[in-house]
Amino acid sequence: MSARLWRRRPAYSGRWEAARLSPLILTALIAGLAFSTPREIAFSRLLPAAPALAAAMWPVLPTILLGAFCLLLMIVLSFFYTDLGTQYTAAAIVAVTLAAAYGSHVRLQREEMLFQIRLVADAAQKVLLRPLPRRIEGVEIESLYLAAQEQARIGGDFYEAIGTPHGVRLLIGDVRGKGLSAVGAASAVISCFREAAYDEPDLQGIIHRLETAVTRHSAAFPAQDQPEHFATALLAEIPHDGGYVRLLNCGHPPPLVTHHGKVRVLVPTIASPPLNLAALIGDRYWVDVVAFDPGDQLLLYTDGVSEARDHEGEFFPLPDWMRRQGLEQPRELLDQLHRALLQHSGGRLDDDIAALALRSSNAQGAGAGHDGDRGQPDDRNAGAAGSATL
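Residues numbered from 1 in each chain as written. Predicted model: local features only at pLDDT ≥ 70, side-chain atom pairs only at ≥ 80, totals over all residues. Heavy atoms only, no water.

For the chain, the helix and strand inventory stands at 12 helices and 12 strands. Split into buried and exposed, the 390 residues of the chain put 49% on the buried side. Expressed as a percentage of contacts within the chain between residues at least 6 apart in sequence, the contacts between residues at least 24 apart total 72%. Surface exposure of the chain reaches about 19,100 Å², of which carbon and sulfur atoms provide 59%. (Helix = DSSP H or I, 4+ residues; strand = E, 2+ residues; numbered from the N terminus. Buried < 20%, exposed > 50% of the residue type's maximum accessible area, 1.4 Å probe, protein only. Contact = heavy atoms within 4.5 Å. Areas by Shrake-Rupley, 256 points an atom, 1.4 Å probe, with all protein chains shown as cover.)

Pasting the structure below:
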């Protein structure tokens, strides 16, 4: 186990290579000072610090060997200086080395446990946020997921993209809260979407299924820090012939579309309730239809992107940033967004981030006349007079 963990360390960064040499550097520094300074200063009494430092980053055996070397060094010094209190310093080296070896053993056990947990988390992430196909029919798709905590693997942000008989359907959302309770709610939403996206003929049918899934999950697995789960979500549908995209926004940050070189913020015509809040504020869902011609780009994201703050507390100016970008490929766009977010936030993210970048390359449907937005109410919640229909 020790050797395996020792070999994993270089994967962290090049700085770790230099850091784990620090016990040797400290030993050489103390030895040099002990031989070159008057005996009254007695730098040799600092030798127990070297194996103590080694316990924080070395396996058990190298830690013991360094302690033995320090003990031998102390014995050699005693031949030159007879009144250094060698027996006391030697006893301290032995005691500290034994304690350091035990500390190193405990640390390695915990690192092994953490490694196994991260393997499980990686497997869970591949199930929850499985890699998306880079292209579905005539739509290029790329994804970005960044955890706010460096050691985290999964969180409450989620996304999915599926090719269905009704067209390409996408989901992105964010569950309120953090931790395993948020992951469980996100898993319930994604699992339901993967089935409903094939079965339901329209986006309203999908959202009703998602609403039911979150409500049932919240009742079955109540969280300690909050009585109920709720989630924002955005559904998108690009039909087979292309030319436009249908959007149903349930309290989620509005997406951005680059249409004929102009960037627009797609604020919903009528706000739809977040998942599991329909019983409180009504279950009326509205679908907007937006032009999406070949070469157009669509950016879906969670609030971790738009609410990323700099050191002065200013939000990341996503629309302005988008307007400064060219017509990059989806992967390039997300890579630039990643770098811009890290630069804006000073390298520290306060919230999980998920984003989907889409680019239409479907030649069908071009010039179909969808130059603006239209709305479609949920037929099961009629009452909006004069609403346009698809």
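Moving on from the model shown.
Moving on, we come to a nonpolar patch on the surface. Taken together, the side chains of Phe 35, Leu 72, Ile 75, Val 76, Phe 79 and Phe 80 make up a nonpolar region of the molecular surface, amounting to roughly 610 Å² of accessible area. Element by element, the count of residues in the nonpolar patch is highest for helix α5 (residues 60-80), at five residues. Checked against the element boundaries, Phe 35 lands in helix α3 (residues 22-36). (Patch = residues over 30% accessible without salt bridge, like charges linked within 9 Å, V, L, I, M, F, W, Y side chains within 5 Å. Salt bridge = Lys/Arg side-chain N within 4 Å of Asp/Glu carboxyl O.)

Here we come to the pattern of salt bridges. Enumeration over the complete set of coordinates arrives at 12 salt bridges. Residue Arg 209 pairs with Glu 200 through a salt bridge whose shortest N-O separation is 2.8 Å. For Glu 200, a relative accessible area of 18% gives the class buried.

Once that is clear, we can look at the nonpolar core. The biggest cluster of nonpolar side chains holds 55 residues, and the ones touching the most others in it are Ile 141, Leu 170, Leu 210, Leu 235 and Leu 358. Looking at this core, the element that brings in the most residues is helix α7 (residues 179-199), giving 10 residues. Sequence-distant contacts of Leu 210, defined by excluding residues within four places in its chain, comprise Leu 171, Val 189, Cys 192, Phe 193, Leu 235 and Leu 275. Formed by 21 residues, the second largest nonpolar core is a distinct cluster that contains Leu 146, Leu 333, Leu 334 and Leu 349. (Core = buried A, V, L, I, M, F, W, Y, C linked by side-chain atoms within 4.5 Å.)

Right, let's talk about α3 for a bit. Between its first and last C-alpha atoms α3 spans 21 Å; for 15 residues at 1.5 Å apiece the expected length is 21 Å, and the two agree. Buried residues of α3: Pro 23, Thr 27, Ile 30, Ala 31 and Ala 34, and no others. Down the axis of α3, the sector holding all buried residues measures 100 degrees, keeping them to one side. Exposed residues lying more than 90 degrees from the buried face of α3 are Ile 25, Ala 28, Leu 29 and Ser 36. (Expected span 1.5 Å × (residues − 1). Arc of directions from axis to C-beta.)

Glancing now at the environment of Ala 231. Here Ala 231 shows up in strand β5 (residues 231-238). Taking the C-alpha atoms as reference points, Ala 231 and Leu 275, separated by 44 residues in sequence, lie 5.2 Å from one another. Ignoring sequence-local partners within four residues, the contact set of Ala 231 consists of Asp 174, Val 175, Cys 250, Pro 274 and Leu 275.

So, about unusual backbone geometry. Positive phi outside glycine occurs at His 260, with the angle close to 55 degrees. Tracing the backbone shows His 260 in the loop between β7 (256-259) and β8 (262-265). With phi around 75 degrees, Asn 276 is a residue other than glycine that occupies positive phi space. Here Asn 276 shows up in the loop between β8 and α9 (278-281).

So, on to the environment of Ser 218. As for its position among the elements, Ser 218 is in helix α8 (residues 203-220). Sequence-wise, Ser 218 and Ala 185 are 33 residues apart; in three dimensions their C-alpha atoms are separated by 7.5 Å.

Attention now goes to the pairing of strand β11 (residues 353-360). Most of β11 sits out of view: eight of its eight residues are buried. Residue alternation in β11 divides its side chains into two sets, Ile 353, Ala 355, Ala 357 and Arg 359 and Ala 354, Leu 356, Leu 358 and Ser 360, and both sets are buried. With eight bridges joining them, strand β2 (residues 139-146) and β11 adopt antiparallel strand pairing. Its bridge partner lying in β11, Val 139 is registered against Ser 360. Sheet analysis places strand β10 (residues 297-301) next to β11, joined by five bridges and oriented antiparallel. (Pairing = 2+ DSSP bridges.)

On to the packing of α3 against α5. At a minimum axis separation of 11 Å, α3 and α5 run at an interaxial angle of 5 degrees. Compared by their axis directions, α3 and α5 come out roughly parallel. Packed against α3, whose contacting residues are Pro 23, Leu 24, Thr 27, Ala 31, Ala 34 and Phe 35, the element α5 presents Leu 66, Phe 69, Cys 70, Leu 73, Val 76, Leu 77 and Phe 80 at the interface. Per-class residue counts for the contact of α3 with α5 are 12 nonpolar, one polar and no charged. (Axes fitted to C-alpha atoms, helices over the stretch in contact; angles between N-to-C directions. Parallel < 35°, antiparallel > 145°, perpendicular 65-115°, else oblique. Nonpolar A, V, L, I, M, F, W, Y, C, P; charged D, E, K, R; others polar.)

What follows is about the side chain of Thr 232. As for its position among the elements, Thr 232 is in strand β5. Residue Thr 232 is classed as buried on the basis of its relative accessible area of 16%. In terms of polar contacts, Thr 232 uses its side chain to reach the side chain of His 252, at 3.0 Å. Once residues within four sequence positions are removed from consideration, Thr 232 is found in contact with Phe 158, Ile 172, Gly 173, Asp 174, Cys 250, Gly 251, His 252 and Pro 274. (Polar contact = N/O pair within 3.5 Å; in protein donor to acceptor, adjacent residues only side chain to side chain.)

It is worth spelling out the packing of aromatic side chains at this point. Applying the stated criterion across every chain, the model contains one aromatic pair. Look at Phe 316 and Trp 321: their rings are 6.2 Å apart centre to centre, the planes differ by 50 degrees, and that puts the pair in the tilted class. When sorted by exposure, Phe 316 lands in the same class as Trp 321, which is buried. (Phe/Tyr/Trp six-rings, centres within 6.5 Å; stacked < 30°, edge-to-face > 60°.)

Per-chain confidence: the chain averages 81 in pLDDT, with 81% of residues scoring 70 or above. Note that residues 1-13 has pLDDT below 50 and, in this model, 24 contacts with residues that lie over four places away or in other chains. Low pLDDT, under 50, characterises residues 364-374; the stretch is placed with 26 contacts to residues that sit more than four places away or in other chains. (pLDDT = per-residue confidence, 0-100.)

Before going further, it helps to spend a moment on the sheet that holds strand β1 (residues 135-136). Strand order in the open sheet formed by six strands is β1-β2-β11-β10-β7-β8, with antiparallel pairing between adjacent strands. One side of each edge strand has no neighbouring strand; the edge strands of this open sheet are β1 and β8.

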